[in-house]
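The residues making up each chain are set out below.
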Amino acid sequence: MLLRFSKMHGLGNDLMVIDLISQHAYIQPQHIRAWSDRRQGVGFLRLALIEVPQHPDDDFSCRIFDSDGAEVDWLASDVCCVARLVADKRLISKAQMRIELRHTVLDVQVHADGSVSLPIAQPELLAERIALPQGFIQQHATAPWLLDKSFSMLSMNGLHAVLRVNDLVQTPLVELVAYLEQQQSLPRHTHLSVLQVHDASNVQISTWQLGRGMLDNFQHGFCAAALCAVAQNWVHTPVHVECTGAKARAWLHLSDDQQHVYFTGSAARVYEGQIRL
């Protein structure tokens, strides 16, 4: 059978989306692995399946898979792509939709300009700060890009370390990551975000995961770093976040009662296609 799909790009994410409400198919991990191949398949980082919800109050369900065919937790960029597609194709005839996702249900708003807003968790700002490796500080003590000499530590879907610098472009990120991995100053798989505050409403962030490398889309690290800047009054909300690796931008803002955080980002439909199952 031929299966209809949509290819979406958004916030550095590269998503194949399949609507399993208007068509029916049983998709297995080997299908996903074959389709993710950029030479012989569709080519994507992640796959989203839109399905009938389990609860009648929800509009649809969405499951996310990585390119190896394993079901994974959702990212804000996944939700932006899926909600934008659902609105564009009028699968749901309203701009505010309730989506069943892994471990949660989200109320999502699609705006007239195509951007999408969704709530995200607030990180926990930890009291402990972790100093930069001493050898690294000695080597760069007078460097103009150096501002803080220790990391702010947060917990948000894992451990995050945030370093504020004067100039992100001049910061030797590869060297810093190598120091941290060699000396095991931070636990393996920690998200490391280096952040430059341009003004009270704009930050630029580069995020790495120790043991993995630079992250090139809006994962939890970017949101955690931006909210760290808000919590320490480096910026106010709404704050405009630029992701260096993905060359993508998004907004974060707090609700009036300061209890909820909302992420706003954009996504675009690249093309429609069919693939044989």
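Because the structure is predicted, anything quoted here is derived from the model rather than measured. For every chain, the first residue of its written sequence is number 1, and the numbers climb from 1 along that sequence. Restriction of local features to residues with pLDDT of at least 70 applies here, the model being predicted, together with a cutoff of 80 or more for giving and counting side-chain atom pairs; totals for whole chains, interfaces and linings are based on all residues. To get the side-chain values, take all heavy atoms of the structure and skip hydrogens and water.

*Asks:* So, the overall build of the protein: which residues are in play, and what are the values?
*Replies:* To qualify as a helix, a DSSP run of H or I must reach at least 4 residues; to qualify as a strand, a run of E must reach at least 2; elements of each kind are numbered from the N terminus. Broken down by element type, the protein carries 5 helices and 18 strands. Radius of gyration means the value over C-alpha atoms here, while the globule rule gives 2.2 Å times the residue count to the 0.38 power. Its C-alpha atoms give the protein a radius of gyration of 20 Å, near enough to 19 Å, the size a compact globule of 277 residues would have. Along the first, second and third principal axes, the C-alpha set of the protein runs to 65 × 45 × 30 Å. Throughout, a residue-residue contact means that at least one pair of heavy atoms, one from each residue, lies within 4.5 Å. In the protein, once contacts between residues fewer than 6 apart in sequence are set aside, the share between residues at least 24 apart is 60%. Accessibility throughout is a Shrake-Rupley quantity obtained with a 1.4 Å probe, and a residue counts as covered only by protein chains that appear here. Taken as a whole, the protein presents about 13,200 Å² of accessible surface, with 47% of it coming from carbon and sulfur. His is not counted, nor are the chain ends, whereas Lys and Arg count as positive and Asp and Glu as negative. Charge positions come from single atoms, namely NZ of Lys, CZ of Arg, CG of Asp or CD of Glu. Between the mean site of the 22 positive side-chain charges and the mean site of the 28 negative ones, the protein shows a separation of 7 Å.

*Asks:* Quick rundown of helix α1 (residues 29–36)? Include the residues and the values.
*Replies:* Here the term buried applies to any residue with accessible area under 20% of the maximum for its type, exposed to any over 50%, and partly exposed to those in between, with areas from a 1.4 Å probe on protein chains only. All of the buried residues along α1 are H31, I32, W35 and S36. Taken down its axis, α1 places every buried residue within 125 degrees of arc, on the same side. For α1, the elements touching its buried residues are β1 (2–10), β2 (13–19), β3 (46–51), β4 (60–66) and β18 (268–276). The arc in question is formed by the directions pointing from the helix axis toward the C-beta atoms.

*Asks:* Please give an account of the side chain of S61 that cites residues and values.
*Replies:* On the secondary structure map, S61 appears in strand β4. A residue is classified by how much of its surface remains accessible, and S61, at 10% relative accessible area, is buried. Residues within four places of S61 in sequence aside, it is in contact with L49, I50, E51, V52, P53 and E100.

*Asks:* Any chance you could break down the nonpolar core for me, citing the residues and the numbers?
*Replies:* Think of a nonpolar core as a cluster: buried Ala, Val, Leu, Ile, Met, Phe, Trp, Tyr and Cys residues, connected wherever their side-chain atoms sit within 4.5 Å. Counting 58 residues, the largest nonpolar core has L118 and F263 as the members making the most contacts within it. Among the nonpolar cores identified, the runner-up in size contains 23 residues, and A143, L146, L176 and Y179 belong to it.

*Asks:* For the packing of aromatic side chains, give the residues involved together with the corresponding values.
*Replies:* Centre distance within 6.5 Å is the pairing criterion for rings of Phe, Tyr and Trp, where only the six-membered ring of Trp is used; planes under 30 degrees apart are then read as stacked, over 60 as edge-to-face, and the remainder as tilted. By the definition in use, this model includes 3 aromatic pairs. Judged by centre distance (6.0 Å) and plane angle (55 degrees), the ring pair of F136 and W145 falls under tilted. On the basis of an interplanar angle of 75 degrees and a centroid distance of 5.5 Å, the ring pair of F136 and Y179 is categorised as edge-to-face. With a gap of 43 residues between them, F136 in helix α3 (residues 134–140) and Y179 in helix α4 (residues 173–183) connect regions that are remote in the sequence. What links up through ring pairs into an aromatic cluster is the set F136, W145 and Y179.

*Asks:* Tell me about the pattern of salt bridges, residues and numbers included.
*Replies:* Every case where a carboxyl oxygen of Asp or Glu lies within 4 Å of a side-chain nitrogen of Lys or Arg is listed as a salt bridge. Counted under the stated rule, the structure contains 13 salt bridges. For K7, the salt bridge is made with D14, and the minimal N-O distance between the two is 3.2 Å. Exposure class is identical for K7 and D14. Each is buried. Its salt-bridge partner being D59, residue K94 comes within 3.1 Å of it at the nearest N-O pair. One end of the pair, K94, is in the loop between α2 (76–88) and β6 (96–101); the other, D59, is in the loop between β3 and β4, with 35 residues separating them in the sequence. Taking the relative accessible area as the measure of exposure, K94 reaches 43% and is therefore partly exposed. What emerges from the salt-bridge pattern is a single network uniting K7, D14 and R38.

*Asks:* Please give an account of the environment of I99 that cites residues and values.
*Replies:* Within the secondary structure layout, I99 lies in strand β6. Between the C-alpha atom of I99 and that of C62, which follows or precedes it by 37 residues, the distance is 6.9 Å. The contact partners of I99, leaving out residues within four places of it in the chain, are F60, C62, V79, A83, T104, V105, L106 and V108.

*Asks:* Requested: an account of the state of the cysteines, with residues and values cited.
*Replies:* Note on disulfides: each one is a pair of cysteine sulfur atoms within 2.5 Å. On inspection of all chains with the given rule, the structure shows 0 disulfides. Its sulfur unpaired, C228 is 13 Å from the next cysteine sulfur, which belongs to C223. By relative accessible area, which is 0% here, C228 ends up buried. Free of any disulfide, C243 has its nearest neighbouring cysteine sulfur in C223, separated by 10 Å.

*Asks:* So what about the pairing of β6? Which residues, and what values?
*Replies:* A pair of strands is treated as paired once DSSP finds two or more bridges between them. As judged from the 2 bridges shared by β4 and β6, these two strands associate in the parallel manner. By the bridge assignment, S61 is partnered in β6 with E100. Alignment of β6 against strand β7 (residues 104–110), held across 6 bridges, turns out to be antiparallel. Following the sheet pairing, E100 is matched in β7 by V105.

*Asks:* Can you lay out the side chain of Q196 for me, pointing to particular residues and giving the numbers?
*Replies:* Secondary-structure assignment places Q196 in strand β12 (residues 191–199). A relative accessible area of 11% means that Q196 is categorised as buried. Throughout this description, a polar contact denotes any pair of N or O atoms lying within 3.5 Å of each other; where both atoms belong to protein, one of them has to be capable of donating a hydrogen while the other can accept it, and for residues adjacent in sequence the pair is counted only when both atoms sit in side chains. Here the side chain of Q196 touches N166 through a polar contact of 3.2 Å, landing on its backbone oxygen. At 2.8 Å, the side chain of Q196 and the backbone nitrogen of L168 are in polar contact.

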